[in-house]
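# Geometric and topological summary
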Amino acid sequence: MARMAGRRALFAVPVLGVVTFGVFAVAAASPFDPVKAYAGTAGLTASQENLDQLRANLGVDQPLVARWWDWLTSAFQGDLGDSSVMRQPVADVIAERMGWSVLLAATAFLVAILLGTGLGVLAARRPGGWLDRCVSSAAYTLEAAPAFWLGLLAIWFFALKLDVLPAGGLTDAASDVVTSRQVASHLVLPAAVLGVSQLPWFFLYVRQGVADALAEDPVRGARARGLSERTVLLGHALRSGMLPMLTLIGSRVPELITGALLVETVFSWPGIAAATVEAATSVDFSLLAALTVLATAAVLFGNLLSDLLYGLADPRVAFDG
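So, how was this worked out
Residues numbered from 1 in each chain as written. Predicted model: local features only at pLDDT ≥ 70, side-chain atom pairs only at ≥ 80, totals over all residues. Heavy atoms only, no water. Helix = DSSP H or I, 4+ residues; strand = E, 2+ residues; numbered from the N terminus. Buried < 20%, exposed > 50% of the residue type's maximum accessible area, 1.4 Å probe, protein only. Contact = heavy atoms within 4.5 Å. Areas by Shrake-Rupley, 256 points an atom, 1.4 Å probe, with all protein chains shown as cover. Phe/Tyr/Trp six-rings, centres within 6.5 Å; stacked < 30°, edge-to-face > 60°. Salt bridge = Lys/Arg side-chain N within 4 Å of Asp/Glu carboxyl O. Expected span 1.5 Å × (residues − 1). Bend = angle between axes of the 7 residues up to and from the residue. Axes fitted to C-alpha atoms, helices over the stretch in contact; angles between N-to-C directions. Left-handed = near helix turned anticlockwise from the far one by under 90°. Core = buried A, V, L, I, M, F, W, Y, C linked by side-chain atoms within 4.5 Å. Parallel < 35°, antiparallel > 145°, perpendicular 65-115°, else oblique. Patch = residues over 30% accessible without salt bridge, like charges linked within 9 Å, V, L, I, M, F, W, Y side chains within 5 Å. pLDDT = per-residue confidence, 0-100.

### Focus: the overall build of the protein chain
Within the protein chain, the secondary structure is distributed over 12 helices and 2 strands. For the protein chain, the sequential pattern of α-helices and β-strands runs α-α-α-α-β-β-α-α-α-α-α-α-α-α. In the protein chain, which comprises 321 residues, the share counted as buried stands at 38%. Summarising the internal contacts of the protein chain: among those between residues at least 6 apart in sequence, 73% fall at separations of at least 24. Summed over all atoms, the accessible surface of the protein chain reaches about 17100 Å², with 65% contributed by carbon and sulfur.

Given below as structure tokens:
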């Protein structure tokens, strides 16, 4: 396990380097001018000399490779640079917002895994039954539903129609103090929407895996030995049927990140979504590169986690093979 994790870590270094260079290359080819975005309305009346001086101060007058290399060497020393659009260090921008994004994504992922597994097991017990048909139909429908559309629908129904949950934000409008109760109540809708948007894949994988496992000879043998249906289902079929789902965890991380950005925007959740959008539209090289590195690292970690979970669940898989 340690050797595989070490190999993946060494492989991640050049991948992250190439990804960050790609960010700087795309930003350099963008029609947006970071100097004008930084100057705002003052840039409309500023002289060319002042704009050139501002360009030099921001470091965007250097060649593409030089800008990328300066940022990369500084990042290895712990300095991610300053965000031109947020007017503060990139590390502070990420530190202020990352915790809320992780809370939302982790809660939604837990909801998707638990609900998807539970519904998948129940549907696999009686393939073709009413529960299987209803949940499968809903899963196929949700697969095609964008996360932002689900978010708007949830706001309309639960916040406006029923008035039982807040429509967005982190705290109540009249409150200037962040409390755990307010955070929990404001987390319900965005986490549920993001979790439901990821649920269909977990449900379908578990349902198919458990259904296939129930038809295998070892499970039939367990039933023939007189074991209870619960023991057969949870102790034998579920463990075998969960193996394909474990590989799904890593592949869903990119979709989870994309969905989280959309959901954060819809619900005004104070995560990294707003910073990502502003960094992209303002061509904020330092912030864009740092956020892209975080997203890429999350994807690589998700793939590693799914491989480790698969290996732990199936002793036949060799970590160092």
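So much for the structure itself; the text now carries on.
### Some remarks on the packing of aromatic side chains
Under the counting rule described, the total for this entry stands at 6 aromatic pairs. Arranged with centres 5.6 Å apart and planes meeting at 75°, the rings of Phe-109 and Phe-202 form a pair that is edge-to-face. With a gap of 93 residues between them, Phe-109 in helix 5 (residues 90-125) and Phe-202 in helix 8 (residues 180-214) connect regions that are remote in the sequence. Taken together, the ring pairs in this structure connect Phe-21, Trp-68 and Trp-69 into an aromatic cluster.

### Topic: the pattern of salt bridges
Applying the stated criterion to the full structure yields 2 salt bridges. The salt bridge involving Arg-97 is made with Glu-96; its shortest N-O contact spans 3.3 Å. For Glu-96, a relative accessible area of 45% translates into the label partly exposed. Two residues, Arg-207 and Asp-132, come together in a salt bridge whose shortest N-O distance is 2.6 Å. You can see Arg-207 sitting in helix 8 and its partner Asp-132 sitting in helix 6 (residues 130-143), a full 75 residues away along the chain.

### Overview of helix 5
Spanning 36 residues, helix 5 covers 51 Å between terminal C-alpha atoms, matching the ideal 52 Å at 1.5 Å per step. Along helix 5, the sharpest change in direction is near 35° and occurs at Arg-97.

### Here we look at the side chain of Glu-264
Residue position: Glu-264 is located in helix 10 (residues 229-266). In contact with Glu-264, not counting residues within four places along its chain, are Ser-101, Leu-104, Trp-269, Gly-271, Ile-272 and Ala-273.

### Observations concerning the environment of Pro-63
Turning to its location among the elements, Pro-63 is positioned in the loop between helix 3 (48-58) and helix 4 (64-76). Judged by relative accessible area, Pro-63 falls into the exposed class, the value being 58%. On a C-alpha basis, the gap between Pro-63 and Ala-28 in space is 9.3 Å, while along the polypeptide they are 35 residues apart.

### Digging into the packing of helix 5 against helix 8
Taken N-terminus to C-terminus, the directions of helix 5 and helix 8 make an angle of 35°; their axes are 4 Å apart at the nearest point. Considering the relative orientation of helix 5 and helix 8, their crossing is right-handed.

### Thoughts on the nonpolar core
Grouped together as the largest cluster of nonpolar side chains are 39 residues, with contacts concentrated most on Leu-104, Leu-194, Phe-202, Val-210, Met-245 and Val-263. Considering each element in turn, this core owes the most residues, 11 residues, to helix 10. What Phe-202 contacts, discounting residues up to four positions off in sequence, is Phe-109, Ala-112, Ile-113, Gly-116, Met-245, Leu-248, Ile-249 and Arg-252. Core analysis: the second largest hydrophobic core is formed by 20 residues, Trp-68, Met-86, Ile-272 and Leu-287 among them.

### Things to note about the packing of helix 7 (residues 147-161) against helix 8
Contact pair helix 7 / helix 8: the axes reach a minimum separation of 9 Å and the direction vectors enclose 140°. The angle between the axes of helix 7 and helix 8 places the two elements in the oblique class. Where helix 7 crosses over helix 8, the two elements pack in a sense that is right-handed. Judged by residue contacts, Ala-147, Leu-150, Gly-151, Ala-154 and Phe-158 of helix 7 engage Leu-189, Val-193 and Ser-197 from helix 8.

### Remarks on a nonpolar patch on the surface
Taken together, the side chains of Phe-148, Trp-149, Leu-152, Leu-153, Trp-156, Phe-157, Phe-158, Leu-160, Leu-162, Val-164 and Leu-262 present a nonpolar region at the surface, about 1100 Å² in accessible area. Inspection of the secondary structure assignment puts Val-164 in the loop between helix 7 and helix 8.

### Description of helix 8
Compared with an ideal rise of 1.5 Å per residue, which puts 35 residues at 51 Å, helix 8 spans 43 Å between its outermost C-alpha atoms and falls more than 12% short. The sharpest bend along helix 8 measures roughly 40° and falls at Leu-199, with the proline Pro-200 sitting one to four residues further on.

### Digging into the environment of Gln-208
Structurally, Gln-208 can be placed in helix 8. In this structure Gln-208 comes out as partly exposed when scored by relative accessible area, which is 39%.

### Side note on the confidence of the model for the protein chain
Here the protein chain averages 78 in pLDDT, while 80% of its residues score no lower than 70. The element-level mean pLDDT for the protein chain is lowest in helix 2 (residues 34-39), coming to 64, with helix 7 highest at 90.

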